[in-house]
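Residue-level listing of the chains:
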Amino acid sequence: MDAFVNWARNQSVTPAEVRTPASAAEVADAVRDAARTGRRVRMTGTGHSFTGVALTDGILLRPGALTGVLDAGDGWVKVAAGTPLHALNEELHRRGLALANMGDITAQTAAGAIQTGTHGTGRHVGGLADQVVELEMVLADGSVTTVREGDLFDAARVGLGALGVLTAVTFRVEPAFLLRARREPMAFSRILETLGELTETDDHLDFFWLPHTDTCLVKRNNRDAGPARPPAAFKRWLDNVFLENTLFGAACALGARFPGAVPTINGVSARMLGASESVDASYRVFTSVREVRFLEMEYAVPRHHLAQALRETRDLVERSGWPITFPVEVRVTPPSDAWLSTAYGRPSAYVACHVYRQAPNPAYFEGVEEIMVRLGGRPHWGKLHTRDAGYLRTVYPRFGDFLALRREMDPDGLFANDYLDRVLGASREA
């Protein structure tokens, strides 16, 4: 059988059957076949989730043939669900268009990214789900429907694949624009002192704290009238490929072999950070190359709790003595109206913790998770966490409404799997 293994190689499954549908009609055939034979069905993305959200022991649908722009109009573009974000970015740029905001990983599919709540960072513009204007999806009865408003639309935008299989997504787009990207080191203590100003000043703020140091790398991205001043090809390769991947990967491997050296390694990395500035097409500024494999946990907390979350995370790392090589990343978003968006109903800040894949540290994730949960945090649906439906009901105001809609639309649990049973409850009991 054809096994599915995710990018981080911490999730895998061998389904009963694998199909690669090329149309919504073929997805509908698979859903009807699954119902008739008593199997479950899920559509994967490209495996960039760290959880088991995409797994199934039944019919696994691969998205490789559901790609490309299907239609476009004034301010919108409809794409097949399996279109990789990097391909979408290039096609939009060719047409003189762009998404208003996006995350930094572009290997994801359009449907996979929105279903798990991929968010990026933005003062005024939310994640990908907040830029969706229409969804095409196959329901549990095998019918194909299009939704653009109402409860199903607000529930299914970040739907975890629990309400149906997405076959196409229509995004709101705008004329292509430039971003001025400024990168500069800043002391962690200074970050805490100016946190309010930082989160309210820049269009897109992203910063990384290097554990065992007092140093952060702050990335401020703001719209710019131009002209474009992209980094030279060598500079782009040096920063994005060599320093952030090749050299960083070597540092992670060294730290995994000699854990006691990690604080020194991070100190050297901190001293290497310097200021830079460029002006480039938005999608090139938003996105990054990520070749070093890692495991990740990320929580969204109410933005007014961010300073406390950062202080307690720093204190935990310093108190524990754990060798943490990867930076802690911080981003912000405005409130969302998608029911299961981690930013639903509140300005949010995201604290993301990573560990080198070859040196997992469950205690680190457990300790940070305890902090985030105490602050009312919501875990990213595609990243590692231990929360279940009982907890999630307390932090999502529309959680009960989502479960009721799930009962109505998928009463037999056709789209269920072990992960959804944990975070949403068993489908027949939801």
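Anything mentioned here points back to the structure above.
Residues numbered from 1 in each chain as written. Predicted model: local features only at pLDDT ≥ 70, side-chain atom pairs only at ≥ 80, totals over all residues. Heavy atoms only, no water.

Caption draft 1: Fine view of the sheet that holds strand β11 (residues 165–172). If you trace the five strands from one edge of the open sheet to the other, you get β6-β7-β11-β9-β10, paired in antiparallel fashion. Looking along the sheet, the strands with just one partner apiece sit at the ends: β6 (69–73) and β10 (144–147). Averaged over all pairs of adjacent strands, the angle between their axes in this sheet comes to 15°, without regard to strand direction. Summarising the sheet, β6 and strand β7 (residues 76–80) pair through four bridges and their orientation is antiparallel. Bridge assignment links A72 to a residue of β7, and that residue is V77. Helix α1 (residues 24–37) contacts β9 (132–138), β10 and β11 of the sheet and is inclined by roughly 50° relative to β9. (Pairing = 2+ DSSP bridges. Helix = DSSP H or I, 4+ residues; strand = E, 2+ residues; numbered from the N terminus. Axes fitted to C-alpha atoms, helices over the stretch in contact; angles between N-to-C directions. Contact = heavy atoms within 4.5 Å.)

Caption draft 2: Local environment of the packing of helix α10 (residues 306–320) against helix α11 (residues 362–374). One way to put it is that α10 packs onto α11 with a least axis distance of 10 Å and a crossing angle of 155°. Classified by the angle their axes make, α10 and α11 are roughly antiparallel. With respect to the hand of their crossing, α10 and α11 are arranged in right-handed fashion. Residues Q308, A309, E312, T313, L316 and V317 of α10 form the contact with α11, whose participating residues are Y364, G367, V368, I371, M372 and R374. Taken together, the residues of the contact of α10 with α11 sort by class into seven nonpolar, three polar and two charged. (Parallel < 35°, antiparallel > 145°, perpendicular 65-115°, else oblique. Left-handed = near helix turned anticlockwise from the far one by under 90°. Nonpolar A, V, L, I, M, F, W, Y, C, P; charged D, E, K, R; others polar.)

Caption draft 3: Representation of the sheet that holds strand β14 (residues 204–209) within the structure. With antiparallel pairing, the eight strands of this open sheet are ordered in space as β16-β13-β15-β14-β18-β19-β17-β20. What marks the edges here is a single partner per strand, and that holds for β16 (276–281) and β20 (378–379). Note: strand β13 (residues 178–187) against strand β15 (residues 215–224), ten bridges, orientation antiparallel. Looking at the pairing, L178 lines up with D224 of β15. In the packing of helix α7 (residues 233–257) onto the sheet, the strands contacted are β13, β15, β16 and β19 (348–356), and the crossing angle to β19 comes to about 55°. Sitting on the sheet, α10 touches β14, β17 (294–302), β18 (328–333) and β19, and the angle it makes with β19 is about 20°.

Treat this as a map of the structure, not an account of what it does.
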